[in-house]
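# Descriptive analysis of the structure
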Amino acid sequence: MQRRTFLKLGAIASGTVAFGGVSRLATRTAAAQSAVPTVDRLVMTNVVDNIYDIFAKGGKLDTVTVQRTSLGKSGTLLAEHGLAYHLESVRGGERREVLLDFSLTERNLLNNYAVLKVDPARADAFILSHGHLDHYGALPDLARLTQGRLKPGLTVYAGGEDTFCHRVVATPAGTIDQGQLDRGALEARGLKIVLAKQTTVVAGHAFTSGQIPRLTDFERPPAPARLVAGPMDSMCSVSHFGVTRVEAKPGDLVPDTFQGEHATAYHVKDRGLVVITSCGHAGVINSVRQIQKATGVEKVHAVVGGFHLAPAPDEIVAKTVEAFRTINPDYIIPMHCTGLNTIMAVHQAMPKKLVMPSTGTRVIFGA
Ligand SMILES: [Fe+2]
Ligand SMILES: [Fe+2]
(Lines give C-alpha, C1' and ligand atoms only; values in the text may rest on other atoms or scores of the structure.)
(Ligands and ions follow the chains in the order given, each with its own letter.)
Protein backbone atom coordinates (compact mmCIF):
# COMPACT_ATOMS: atom_id res chain seq x y z
CA MET A 1 0.00 0.00 0.00
CA GLN A 2 1.27 3.42 -0.85
CA ARG A 3 1.53 5.56 2.20
CA ARG A 4 2.35 9.15 2.92
CA THR A 5 5.43 9.38 5.10
CA PHE A 6 5.67 12.02 7.74
CA LEU A 7 9.09 12.85 9.05
CA LYS A 8 9.97 13.49 12.65
CA LEU A 9 6.42 12.73 13.67
CA GLY A 10 7.25 12.51 17.31
CA ALA A 11 8.21 16.16 17.42
CA ILE A 12 4.76 17.40 16.49
CA ALA A 13 3.82 18.54 19.95
CA SER A 14 6.95 20.55 20.45
CA GLY A 15 7.80 22.38 17.30
CA THR A 16 9.01 21.87 13.78
CA VAL A 17 7.86 18.96 11.74
CA ALA A 18 8.26 18.59 8.03
CA PHE A 19 5.40 16.63 6.52
CA GLY A 20 7.54 14.32 4.47
CA GLY A 21 7.81 14.31 0.72
CA VAL A 22 5.20 14.89 -1.89
CA SER A 23 2.61 12.16 -1.92
CA ARG A 24 1.69 10.36 -5.09
CA LEU A 25 -1.59 9.37 -3.54
CA ALA A 26 -4.80 10.50 -5.11
CA THR A 27 -6.80 9.26 -2.16
CA ARG A 28 -5.98 10.44 1.32
CA THR A 29 -4.97 7.94 3.94
CA ALA A 30 -6.11 7.88 7.51
CA ALA A 31 -2.43 7.84 8.47
CA ALA A 32 -1.89 11.14 6.70
CA GLN A 33 -4.81 12.85 8.35
CA SER A 34 -3.90 11.60 11.80
CA ALA A 35 -0.50 13.32 11.48
CA VAL A 36 -2.03 16.72 10.83
CA PRO A 37 -2.45 18.76 14.00
CA THR A 38 -6.10 19.44 14.66
CA VAL A 39 -7.47 22.16 16.91
CA ASP A 40 -10.88 22.46 18.51
CA ARG A 41 -11.06 26.17 18.03
CA LEU A 42 -9.20 28.96 16.23
CA VAL A 43 -9.68 32.65 16.90
CA MET A 44 -8.22 34.65 14.03
CA THR A 45 -7.77 38.34 14.79
CA ASN A 46 -7.06 40.77 12.00
CA VAL A 47 -4.68 43.00 13.96
CA VAL A 48 -3.81 45.39 11.12
CA ASP A 49 -5.38 45.57 7.69
CA ASN A 50 -5.87 48.14 4.96
CA ILE A 51 -9.22 49.32 6.28
CA TYR A 52 -10.86 49.92 9.63
CA ASP A 53 -14.64 49.96 9.39
CA ILE A 54 -16.13 50.91 12.74
CA PHE A 55 -19.66 50.22 11.44
CA ALA A 56 -18.99 46.68 10.26
CA LYS A 57 -21.54 44.29 11.74
CA GLY A 58 -20.59 41.19 13.62
CA GLY A 59 -22.65 38.19 14.55
CA LYS A 60 -23.03 34.47 14.28
CA LEU A 61 -23.08 32.99 10.81
CA ASP A 62 -23.78 29.37 10.04
CA THR A 63 -20.53 27.89 11.37
CA VAL A 64 -18.38 30.88 12.37
CA THR A 65 -18.78 33.84 14.69
CA VAL A 66 -17.58 37.27 13.62
CA GLN A 67 -16.73 39.86 16.26
CA ARG A 68 -15.83 43.46 15.57
CA THR A 69 -13.82 46.01 17.49
CA SER A 70 -15.49 49.39 17.45
CA LEU A 71 -14.26 52.59 19.06
CA GLY A 72 -13.66 51.97 22.72
CA LYS A 73 -12.08 53.20 25.92
CA SER A 74 -8.86 51.35 25.19
CA GLY A 75 -8.14 53.43 22.10
CA THR A 76 -8.67 53.47 18.38
CA LEU A 77 -7.39 50.93 15.95
CA LEU A 78 -5.20 52.12 13.10
CA ALA A 79 -5.27 50.83 9.53
CA GLU A 80 -2.54 50.98 6.92
CA HIS A 81 -1.37 49.16 3.82
CA GLY A 82 -0.12 46.19 5.76
CA LEU A 83 -1.21 42.98 7.37
CA ALA A 84 -0.81 41.39 10.79
CA TYR A 85 -2.69 38.59 12.50
CA HIS A 86 -3.02 37.12 15.96
CA LEU A 87 -3.94 33.44 15.86
CA GLU A 88 -5.10 31.76 19.06
CA SER A 89 -5.94 28.09 19.00
CA VAL A 90 -7.21 25.60 21.56
CA ARG A 91 -6.98 21.83 21.66
CA GLY A 92 -8.41 20.34 24.82
CA GLY A 93 -6.80 22.31 27.63
CA GLU A 94 -3.87 23.42 25.48
CA ARG A 95 -3.78 26.97 24.17
CA ARG A 96 -1.33 28.39 21.61
CA GLU A 97 -0.78 31.87 20.27
CA VAL A 98 0.95 32.66 17.00
CA LEU A 99 1.68 36.07 15.50
CA LEU A 100 1.61 36.03 11.71
CA ASP A 101 3.10 39.00 9.82
CA PHE A 102 3.95 42.33 11.34
CA SER A 103 2.42 45.04 9.18
CA LEU A 104 4.23 48.12 7.97
CA THR A 105 4.81 50.43 10.91
CA GLU A 106 5.66 49.92 14.55
CA ARG A 107 3.22 52.69 15.49
CA ASN A 108 0.21 50.91 14.07
CA LEU A 109 1.16 47.38 15.05
CA LEU A 110 1.94 48.17 18.67
CA ASN A 111 -1.11 50.44 18.99
CA ASN A 112 -3.36 47.69 17.73
CA TYR A 113 -1.74 44.99 19.85
CA ALA A 114 -2.49 47.19 22.87
CA VAL A 115 -6.10 47.95 21.86
CA LEU A 116 -6.78 44.29 21.09
CA LYS A 117 -4.92 43.11 24.22
CA VAL A 118 -2.47 41.03 22.23
CA ASP A 119 0.70 40.49 24.24
CA PRO A 120 3.68 39.34 22.14
CA ALA A 121 5.18 37.85 25.31
CA ARG A 122 2.45 35.18 25.20
CA ALA A 123 3.30 34.17 21.62
CA ASP A 124 4.49 30.61 21.07
CA ALA A 125 5.83 31.36 17.58
CA PHE A 126 6.06 34.03 14.93
CA ILE A 127 5.43 33.34 11.24
CA LEU A 128 6.53 35.68 8.47
CA SER A 129 4.81 35.05 5.13
CA HIS A 130 7.32 36.78 2.83
CA GLY A 131 9.82 39.60 2.63
CA HIS A 132 7.65 42.57 1.71
CA LEU A 133 7.78 45.62 3.90
CA ASP A 134 4.03 45.73 4.53
CA HIS A 135 4.37 42.31 6.26
CA TYR A 136 7.69 42.54 8.08
CA GLY A 137 7.94 46.31 8.57
CA ALA A 138 7.36 46.42 12.34
CA LEU A 139 9.17 43.17 13.15
CA PRO A 140 12.64 44.67 13.82
CA ASP A 141 11.14 47.23 16.22
CA LEU A 142 8.98 44.57 17.85
CA ALA A 143 12.07 42.39 18.38
CA ARG A 144 13.92 45.35 19.89
CA LEU A 145 11.10 46.44 22.18
CA THR A 146 10.33 42.93 23.42
CA GLN A 147 13.91 41.68 23.74
CA GLY A 148 14.18 39.51 26.84
CA ARG A 149 10.41 39.37 27.32
CA LEU A 150 9.52 36.87 24.61
CA LYS A 151 9.38 33.14 25.31
CA PRO A 152 12.90 31.69 25.29
CA GLY A 153 13.96 30.43 21.88
CA LEU A 154 10.98 31.98 20.17
CA THR A 155 11.11 31.04 16.50
CA VAL A 156 10.28 33.08 13.43
CA TYR A 157 9.18 30.71 10.67
CA ALA A 158 10.09 32.15 7.27
CA GLY A 159 9.63 30.36 3.95
CA GLY A 160 13.05 30.75 2.35
CA GLU A 161 16.26 32.71 1.95
CA ASP A 162 14.57 35.34 -0.20
CA THR A 163 12.58 36.54 2.81
CA PHE A 164 15.77 38.30 3.86
CA CYS A 165 16.75 39.71 0.47
CA HIS A 166 16.35 43.21 -0.86
CA ARG A 167 13.13 43.74 -2.81
CA VAL A 168 11.81 46.55 -4.93
CA VAL A 169 8.72 47.17 -7.02
CA ALA A 170 9.57 48.44 -10.49
CA THR A 171 7.04 50.94 -11.80
CA PRO A 172 7.13 53.19 -14.88
CA ALA A 173 7.77 56.07 -12.50
CA GLY A 174 10.73 54.33 -10.84
CA THR A 175 11.38 51.73 -8.20
CA ILE A 176 9.66 51.56 -4.84
CA ASP A 177 12.00 50.21 -2.21
CA GLN A 178 10.62 47.33 -0.15
CA GLY A 179 13.71 47.25 2.02
CA GLN A 180 15.56 44.23 3.32
CA LEU A 181 14.85 42.44 6.56
CA ASP A 182 18.05 41.89 8.53
CA ARG A 183 18.10 38.27 9.67
CA GLY A 184 21.21 38.74 11.80
CA ALA A 185 19.66 41.65 13.65
CA LEU A 186 16.62 39.53 14.56
CA GLU A 187 18.87 36.72 15.77
CA ALA A 188 20.88 39.20 17.81
CA ARG A 189 17.63 40.08 19.62
CA GLY A 190 17.24 36.42 20.58
CA LEU A 191 14.85 35.25 17.87
CA LYS A 192 15.52 31.92 16.20
CA ILE A 193 14.96 31.84 12.44
CA VAL A 194 13.73 28.69 10.71
CA LEU A 195 13.40 28.50 6.94
CA ALA A 196 10.32 26.28 6.63
CA LYS A 197 10.71 25.16 3.04
CA GLN A 198 8.56 22.11 3.61
CA THR A 199 5.23 21.93 5.36
CA THR A 200 6.06 22.57 8.99
CA VAL A 201 4.09 22.28 12.20
CA VAL A 202 4.24 25.45 14.26
CA ALA A 203 3.70 25.43 18.02
CA GLY A 204 1.99 22.05 17.74
CA HIS A 205 -1.25 23.55 16.41
CA ALA A 206 -0.61 25.50 13.20
CA PHE A 207 1.30 24.55 10.10
CA THR A 208 2.87 26.28 7.17
CA SER A 209 2.58 25.30 3.53
CA GLY A 210 6.25 25.08 2.74
CA GLN A 211 7.23 26.43 -0.64
CA ILE A 212 4.22 26.41 -2.91
CA PRO A 213 4.22 24.59 -6.26
CA ARG A 214 2.74 26.71 -9.05
CA LEU A 215 -0.01 24.42 -10.30
CA THR A 216 -2.49 26.78 -11.92
CA ASP A 217 -1.81 28.35 -15.31
CA PHE A 218 -3.40 31.68 -14.42
CA GLU A 219 -1.71 32.67 -11.16
CA ARG A 220 1.46 34.63 -11.79
CA PRO A 221 3.67 36.69 -9.50
CA PRO A 222 3.12 40.44 -9.80
CA ALA A 223 4.95 41.69 -12.89
CA PRO A 224 6.62 44.71 -11.21
CA ALA A 225 8.09 42.67 -8.33
CA ARG A 226 11.89 42.49 -8.31
CA LEU A 227 14.65 41.09 -6.15
CA VAL A 228 18.02 42.77 -5.94
CA ALA A 229 20.67 40.18 -6.75
CA GLY A 230 23.34 39.67 -4.12
CA PRO A 231 26.83 38.18 -4.53
CA MET A 232 26.79 34.67 -6.05
CA ASP A 233 27.93 32.98 -2.85
CA SER A 234 25.44 34.83 -0.64
CA MET A 235 21.96 33.95 0.63
CA CYS A 236 20.61 36.49 -1.86
CA SER A 237 22.33 35.14 -4.94
CA VAL A 238 19.96 34.35 -7.79
CA SER A 239 20.48 30.64 -7.12
CA HIS A 240 18.19 31.09 -4.12
CA PHE A 241 15.54 32.95 -6.09
CA GLY A 242 14.32 30.11 -8.27
CA VAL A 243 15.93 31.73 -11.33
CA THR A 244 19.18 29.80 -11.42
CA ARG A 245 19.80 30.29 -15.13
CA VAL A 246 19.75 34.05 -14.96
CA GLU A 247 23.06 35.80 -15.43
CA ALA A 248 22.87 38.55 -12.87
CA LYS A 249 25.49 40.74 -11.30
CA PRO A 250 25.16 41.90 -7.71
CA GLY A 251 22.78 44.84 -7.65
CA ASP A 252 20.86 43.77 -10.76
CA LEU A 253 17.09 43.55 -10.50
CA VAL A 254 15.72 40.09 -11.27
CA PRO A 255 12.08 39.00 -11.51
CA ASP A 256 10.71 38.04 -8.12
CA THR A 257 9.13 34.59 -8.17
CA PHE A 258 8.36 34.64 -4.41
CA GLN A 259 9.87 31.20 -4.06
CA GLY A 260 10.04 31.59 -0.29
CA GLU A 261 6.51 32.81 0.29
CA HIS A 262 4.47 30.41 2.37
CA ALA A 263 0.92 30.19 3.65
CA THR A 264 -0.28 29.36 7.15
CA ALA A 265 -3.06 26.90 7.96
CA TYR A 266 -4.99 25.18 10.71
CA HIS A 267 -7.09 22.05 10.66
CA VAL A 268 -10.16 22.78 12.75
CA LYS A 269 -12.02 19.79 14.15
CA ASP A 270 -15.33 19.06 12.40
CA ARG A 271 -14.81 22.07 10.10
CA GLY A 272 -11.78 21.50 7.87
CA LEU A 273 -8.81 23.58 6.80
CA VAL A 274 -8.45 27.29 7.43
CA VAL A 275 -5.89 28.53 4.90
CA ILE A 276 -4.32 31.97 5.41
CA THR A 277 -2.46 33.34 2.40
CA SER A 278 -1.18 36.69 3.75
CA CYS A 279 -0.22 38.35 0.39
CA GLY A 280 -0.86 35.44 -1.93
CA HIS A 281 1.83 36.16 -4.50
CA ALA A 282 2.19 32.39 -5.00
CA GLY A 283 -1.50 32.32 -5.91
CA VAL A 284 -4.35 31.75 -3.50
CA ILE A 285 -5.48 28.65 -5.39
CA ASN A 286 -1.93 27.26 -5.50
CA SER A 287 -1.71 27.91 -1.77
CA VAL A 288 -4.94 26.08 -0.97
CA ARG A 289 -3.97 23.15 -3.21
CA GLN A 290 -0.59 22.86 -1.52
CA ILE A 291 -2.14 22.77 1.95
CA GLN A 292 -4.67 20.16 0.82
CA LYS A 293 -1.95 18.02 -0.73
CA ALA A 294 0.45 18.31 2.18
CA THR A 295 -2.17 17.44 4.78
CA GLY A 296 -4.29 14.97 2.90
CA VAL A 297 -7.34 16.96 3.99
CA GLU A 298 -9.66 18.02 1.18
CA LYS A 299 -12.28 19.95 3.11
CA VAL A 300 -11.55 23.67 3.20
CA HIS A 301 -13.51 25.55 5.82
CA ALA A 302 -12.17 29.02 5.06
CA VAL A 303 -9.76 30.81 2.78
CA VAL A 304 -8.39 33.92 4.46
CA GLY A 305 -5.96 36.61 3.46
CA GLY A 306 -4.65 38.88 0.82
CA PHE A 307 -5.12 37.29 -2.59
CA HIS A 308 -3.20 39.98 -4.46
CA LEU A 309 -5.75 40.27 -7.25
CA ALA A 310 -6.35 44.01 -7.03
CA PRO A 311 -4.23 44.61 -10.16
CA ALA A 312 -5.48 41.46 -11.94
CA PRO A 313 -7.51 41.52 -15.15
CA ASP A 314 -11.12 40.31 -15.04
CA GLU A 315 -10.17 37.03 -16.70
CA ILE A 316 -7.88 36.02 -13.84
CA VAL A 317 -10.40 37.10 -11.24
CA ALA A 318 -13.02 34.96 -12.99
CA LYS A 319 -10.71 31.93 -13.07
CA THR A 320 -9.94 32.36 -9.39
CA VAL A 321 -13.62 32.54 -8.48
CA GLU A 322 -14.27 29.47 -10.60
CA ALA A 323 -11.53 27.64 -8.71
CA PHE A 324 -13.13 28.78 -5.44
CA ARG A 325 -16.35 27.16 -6.65
CA THR A 326 -14.51 23.88 -7.15
CA ILE A 327 -12.75 24.05 -3.80
CA ASN A 328 -16.07 25.06 -2.22
CA PRO A 329 -14.88 26.52 1.07
CA ASP A 330 -17.51 27.44 3.60
CA TYR A 331 -16.12 30.98 3.89
CA ILE A 332 -13.90 33.35 1.95
CA ILE A 333 -12.40 36.21 3.96
CA PRO A 334 -10.57 38.58 1.60
CA MET A 335 -8.13 41.07 3.08
CA HIS A 336 -5.39 43.53 2.31
CA CYS A 337 -4.38 43.27 -1.39
CA THR A 338 -7.32 41.15 -2.59
CA GLY A 339 -8.99 44.03 -4.40
CA LEU A 340 -12.57 45.23 -4.75
CA ASN A 341 -12.76 43.50 -8.15
CA THR A 342 -12.37 40.08 -6.54
CA ILE A 343 -14.49 40.90 -3.50
CA MET A 344 -17.36 41.90 -5.81
CA ALA A 345 -16.90 38.80 -7.95
CA VAL A 346 -16.97 36.53 -4.88
CA HIS A 347 -20.00 38.38 -3.58
CA GLN A 348 -21.81 37.90 -6.86
CA ALA A 349 -20.89 34.22 -7.22
CA MET A 350 -21.19 33.02 -3.62
CA PRO A 351 -22.58 35.77 -1.38
CA LYS A 352 -23.14 33.53 1.64
CA LYS A 353 -19.49 32.51 1.71
CA LEU A 354 -18.14 36.07 1.83
CA VAL A 355 -17.09 37.48 5.19
CA MET A 356 -15.70 41.01 4.99
CA PRO A 357 -12.95 41.61 7.54
CA SER A 358 -11.67 44.89 8.88
CA THR A 359 -8.88 45.83 11.25
CA GLY A 360 -9.89 44.44 14.63
CA THR A 361 -12.18 41.75 13.24
CA ARG A 362 -12.13 38.43 15.08
CA VAL A 363 -13.39 35.28 13.39
CA ILE A 364 -14.00 32.28 15.63
CA PHE A 365 -13.69 28.93 13.88
CA GLY A 366 -14.75 25.71 15.52
CA ALA A 367 -16.49 24.96 18.77
FE1 LIG B 1 3.66 41.17 -0.79
FE1 LIG C 1 1.13 42.67 1.15
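Notes on the structure in this doc start here.

Conventions and cut-offs
Residues numbered from 1 in each chain as written. Chains lettered and ligands numbered in written order. Predicted model: local features only at pLDDT ≥ 70, side-chain atom pairs only at ≥ 80, totals over all residues. Heavy atoms only, no water. Buried < 20%, exposed > 50% of the residue type's maximum accessible area, 1.4 Å probe, protein only. Helix = DSSP H or I, 4+ residues; strand = E, 2+ residues; numbered from the N terminus. Arc of directions from axis to C-beta. Contact = heavy atoms within 4.5 Å. Pairing = 2+ DSSP bridges. Axes fitted to C-alpha atoms, helices over the stretch in contact; angles between N-to-C directions. Donors = N, O, S within 2.8 Å, 3.2 Å for Na, K, Ca; no water. Tetrahedral: all angles 85-135°; square planar, octahedral: opposite > 155°, others 65-115°. Disulfide = S-S within 2.5 Å. Core = buried A, V, L, I, M, F, W, Y, C linked by side-chain atoms within 4.5 Å. Phe/Tyr/Trp six-rings, centres within 6.5 Å; stacked < 30°, edge-to-face > 60°.

### Overview of helix α2 (residues 106-115)
- Residues of α2 that are buried: Asn108, Leu109, Asn112, Tyr113 and Val115. Along the axis of α2, the buried positions cluster into a sector of 165 degrees, meaning they face one direction only. Exposed residues on α2 whose side chains face more than 90 degrees from its buried face are Arg107 and Ala114.
- Looking at the buried residues of α2, the elements they touch are β2 (41-48), β5 (84-91), β6 (94-102) and α4 (139-145).
- With its phi angle positive at about 60 degrees, Lys117 sits one or two positions after the end of α2.

### So, the sheet that holds strand β20 (residues 362-366)
- Overall, mixed pairing links the nine strands, which are arranged β3-β4-β20-β2-β5-β6-β7-β8-β11 in an open sheet. The open sheet has two edge strands, β3 (59-60) and β11 (192-195), and neither has a second partner.
- Sheet topology places β6 next to strand β7 (residues 125-127); three bridges connect them, and they run parallel. Across the sheet, the residue bridging to Val98 is Ala125, located in β7.
- In the packing of α2 onto the sheet, contacts are made with β2, β5 and β6, and the angle to β2 comes to roughly 135 degrees.

### Quick word on the coordination of the iron ion (ligand 1)
- On the protein side, the iron ion (ligand 1) has His130 (NE2), His132 (ND1), Cys279 (SG) and His281 (NE2) as donor atoms, found 2.1 to 2.7 Å from it.
- Metal-centred angles of 84 to 164 degrees between the four donor atoms at the iron ion (ligand 1) mark the site as irregular.
- For the iron ion (ligand 1), the single-chain donor residues occur in sequence as H-x1-H-x146-C-x1-H.
- If you look at the iron ion (ligand 1) and the iron ion (ligand 2), they sit 3.5 Å from each other and are both ligated by Cys279.
- Judged by relative accessible area, which is 2%, Cys279 ranks as buried.
- Among the residues examined, His281 registers a relative accessible area of 4% and is labelled buried.

### Focus on the state of the cysteines
- A full pass over the atoms with the stated rule returns one disulfide.
- Between the sulfur atoms of Cys165 and its disulfide mate Cys236 the distance is 2.2 Å. Because the torsion about its S-S bond is -100 degrees, the bridge between Cys165 and Cys236 counts as left-handed. Here Cys236 lies in the loop between β14 (225-228) and β15 (253-255) and Cys165 lies in the loop between β8 (155-158) and β9 (167-171), a separation of 71 residues in the sequence.
- A relative accessible area of 0% places Cys165 in the buried class.

### Examining the nonpolar core
- Ranked by internal contacts, the top residues of the largest apolar core, which has 30 residues, are Tyr85, Leu87, Val304 and Phe365.
- Considering each element in turn, this core owes the most residues, three residues, to strand β19 (residues 331-335).
- Formed by 29 residues, the second largest nonpolar core is a distinct cluster that contains Leu109, Leu116, Leu150 and Val156.

### Notes on the packing of aromatic side chains
- With the rule as written, the count across this model stands at two aromatic pairs.
- Note on Phe102 and Phe126: the rings are 5.1 Å apart at their centroids and 50 degrees apart in plane angle, and the pair reads as tilted. Note that Phe102 is positioned in strand β6 and Phe126 in strand β7, a separation of 24 residues in sequence.
- Residue classification places Phe102 among the buried positions, given a relative accessible area of 0%.
- Take Phe126: its relative accessible area is 0%, and that puts it in the buried class.
- Measuring from centroid to centroid gives 5.7 Å for Phe307 and Phe324, while their planes differ by 55 degrees, and the two rings are tilted. Residue Phe307 is located in the loop between β18 (300-306) and α7 (314-327), and its partner Phe324 is located in helix α7; the two are separated by 17 residues in the primary sequence.

### Concerning the environment of Arg183
- Its location among the elements puts Arg183 in helix α5 (residues 183-188).
- Owing to a relative accessible area of 23%, Arg183 belongs among the partly exposed residues under this scheme.
- Apart from residues lying up to four places away in sequence, Arg183 is in contact with Phe164, Ile193, Leu195 and Met235.

### Quick notes on unusual backbone geometry
- Unlike most non-glycine residues, Phe258 shows phi in positive territory, near 55 degrees.
- Along the chain, the position of Phe258 falls in the loop between β15 and β16 (264-268).
- By relative accessible area, Phe258 is classed as buried at 0%.
- Despite not being glycine, Asp270 shows a phi value in the positive range, around 65 degrees.
- Residue placement: Asp270 occurs in the loop between β16 and β17 (272-276).

### Digging into the sheet that holds strand β10 (residues 174-179)
- What the four strands build is an open sheet, ordered β10-β9-β14-β15; its pairing is antiparallel. In this open sheet, the two edge strands, each paired with only one partner strand, are β10 and β15. The average undirected angle you get between the axes of adjacent strands in this sheet is 40 degrees.
- Here β9 pairs with β10 via five bridges, running antiparallel.

Remember, this is a structural readout, not a statement about activity or role.
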